[in-house]
Amino acid sequence: MERNNDNSFIYALKFIACLFVITIHAPFPGVFGDIVYSLSRFAVPFFFAVSGRYLLVKRDGSYAQNAQEIRSYTLGRLIKLLKITGVVYLTYLIFSLCYFIPKGWTFKYWLHDKFNLFETRTFFLFNSGRYIYDESYVFDHLWYLFALIYVFVLIIIFASVLRKWYKWLTVVLLGMMFFGELLQTVYPIRPFDISINTWYILRNWLFMGMPFVLIGVIFADKTHDKREGMGEERYKETMKALLPRNMILLSLGCIISIAEVFIFQRKEVYIGSVIIVFSLLLLSECGLNAGSILPDLGKRASSLIYFYHVMIISVLDILSQNGIIPSYTMWQKPLIVMVISVLLFAVIPYFIDKVKVNEQK
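Residues numbered from 1 in each chain as written. Predicted model: local features only at pLDDT ≥ 70, side-chain atom pairs only at ≥ 80, totals over all residues. Heavy atoms only, no water.

Participant: Mind showing me how you'd approach the packing of helix α4 (residues 67-100) against helix α5 (residues 107-114) here?
Facilitator: To characterise two packed helices, one gives the angle between the axes of the helices and the distance between these axes. Interaxial distance between α4 and α5 falls to 11 Å at its minimum, and their mutual angle equals 125°. Relative to α5, the element α4 lies oblique. The hand of the α4/α5 crossing is right-handed. Taking contact as the criterion, the partners of L93, S96, L97 and F100 in α4 are, on α5, F107, W110 and K114. Here the contact of α4 with α5 is built from residues that sort into 5 nonpolar, 1 polar and 1 charged. (Axes fitted to C-alpha atoms, helices over the stretch in contact; angles between N-to-C directions. Helix = DSSP H or I, 4+ residues; strand = E, 2+ residues; numbered from the N terminus. Parallel < 35°, antiparallel > 145°, perpendicular 65-115°, else oblique. Left-handed = near helix turned anticlockwise from the far one by under 90°. Contact = heavy atoms within 4.5 Å. Nonpolar A, V, L, I, M, F, W, Y, C, P; charged D, E, K, R; others polar.)

Below, the structure is given as structure tokens:
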């Protein structure tokens, strides 16, 4: 069975998705910016869904069937995720220190500012707070990694009932999230004495991480069953025949997302976002040829661009505010960040690898 690192189309989609994430944190202005924003909200849910899609699949094609195998496979992914999270988080902590110490902050004051009791509650409940962002980099995008850790741990704990619960749990959690977004618009309540309009009340491990990972797991189960029942060749032919329908579904998701941003304003996830994610998972099974460039960019750079684009934004802002580099417009900013990110994490490493290969010959 195909894994995400074997599926060129998935890699291409991951590269496109990480560029959309950049437009969330460095948005385009005006009506065009609203449209791009509405479409960009599929990106993080898609990353969660891809994690779920390949969570229970090993490189040799084996598929986790029972609770013991689910725990074993998920534990392996969790260990890898913890290592990645540790490196990325430590990098941002060092960056934060390097920003505040020259401003006269002591290490003790910095430590208390980030890791006090209130911030601890916010972090462990909602995967947000100054644990993972401050004035040095103003976006808490690392919530994704910690939310994924929560989800993997819960899947390990509840592995024995995963397939009994995952359908209704997905529906309930998504329903609660969209109900909360409706309240944001018509009746802004204050759960935990925090406004429901606060971004992390609905955008966290529970209302976004868990349901979209489970969507990926459910999708993986369905495709695995169909492959087993139909045979690989017939399955591929069937999915290719469904390509036009899936393209229509993708278009519908985009149209609905755009309509929602103008009706309900900016939200963390739209109904159209869910449709887009589902349609992209379907399209990834249709055998589409994504070429060689986009999949290679996705394989090399998508994760790194997601992890470090916020640091690039921060460095650019600091340099611009201090007159070291020319100021830039809101139209230019997302494009500049995209170019720098692709150069740093894809193009330059590619040529370094080429040089190493040539030196070895």
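Participant: Help me understand the layout of surface pockets in this model?
Facilitator: Unfilled space is identified by rolling a water-sized probe across the atoms. Roughly 340 Å³ of internal volume is contained in the second largest pocket. Forming the walls of the second largest pocket are 17 residues, and the residues nearest its centre are I24, H25, D140, R203 and E268. Mapped onto the lining of the second largest pocket, the elements with two or more residues apiece are α1 (8-25) and α3 (43-53). The greatest single-element share of the lining of the second largest pocket, amounting to 3 residues, is contributed by α1. (1 Å grid on protein atoms, 1.4 Å probe; cavity = no way out; pocket = protein on both sides within 12 Å on 5 of 7 lines; lining within 4 Å. Points joined across faces, edges and corners; volume = space filled by probe spheres on them.)

Participant: I would appreciate a short explanation of the pattern of salt bridges in the present structure.
Facilitator: Proximity of charged atoms lets side chains of opposite charge pair with each other. As enumerated under the stated definition, the model contains 14 salt bridges in all. With a closest N to O distance of 3.1 Å, E232 and R227 form a salt bridge. (Salt bridge = Lys/Arg side-chain N within 4 Å of Asp/Glu carboxyl O.)

Participant: When you look at the environment of I340 in this model, what are you seeing that I'm missing?
Facilitator: Structurally, I340 can be placed in helix α14 (residues 332-360). Residue class for I340 comes out partly exposed when judged on its relative accessible area of 25%. If near-sequence neighbours (up to four positions away) are discounted, I340 is found in contact with I312 and L316. (Buried < 20%, exposed > 50% of the residue type's maximum accessible area, 1.4 Å probe, protein only.)

Participant: Hey, could you run me through unusual backbone geometry in this one?
Facilitator: Keep in mind that most residues, glycine aside, have a negative phi and that most peptide bonds are trans. With a phi close to 60°, D193 is a non-glycine residue in the positive phi region. Relative to the helices and strands, D193 is located in the loop between α8 (162-186) and α9 (205-230). Assessed through its relative accessible area of 59%, D193 is described here as exposed. Backbone geometry at Q265 places phi at a positive 70°, although glycine is not the residue there. You can call Q265 exposed: its relative accessible area is 59%.

Participant: What should I look at first to understand the packing of aromatic side chains in this one?
Facilitator: To describe a pair of aromatic rings, one takes the distance between the centres and the angle between the planes. This model, assessed by the stated rule, comprises 36 aromatic pairs. Ring geometry for F47 and Y306: centres 5.9 Å apart, planes at 70°, overall edge-to-face. In this pair, F47 is assigned in helix α3 and Y306 in helix α13 (residues 293-321), connecting sequence segments 259 residues apart. Among the residues examined, F47 registers a relative accessible area of 8% and is labelled buried. Lying across the ring of Y54, R53 places its NZ or CZ 4.6 Å from the centre. Taking NZ or CZ as reference, R266 lies 4.3 Å from the ring centre of Y37, over its face. (Phe/Tyr/Trp six-rings, centres within 6.5 Å; stacked < 30°, edge-to-face > 60°. Lys NZ or Arg CZ within 6 Å of the ring centre and 35° of its normal.)

Participant: I would appreciate a short explanation of the nonpolar core in the present structure.
Facilitator: One recurring pattern in soluble globular proteins: nonpolar side chains tend to sit buried together. F46, F48 and F212 are the most contacted members of the largest nonpolar core, which has 108 residues in total. Looking at which element gives the most residues to this core, the answer is α9, with 12 residues. Apart from residues no more than four positions distant in its own chain, F48 is found in contact with W143, Y144, A147, L148, M208, G209, F212 and V213. (Core = buried A, V, L, I, M, F, W, Y, C linked by side-chain atoms within 4.5 Å.)

Keep in mind that these numbers describe shape and distance, not what the molecule does.
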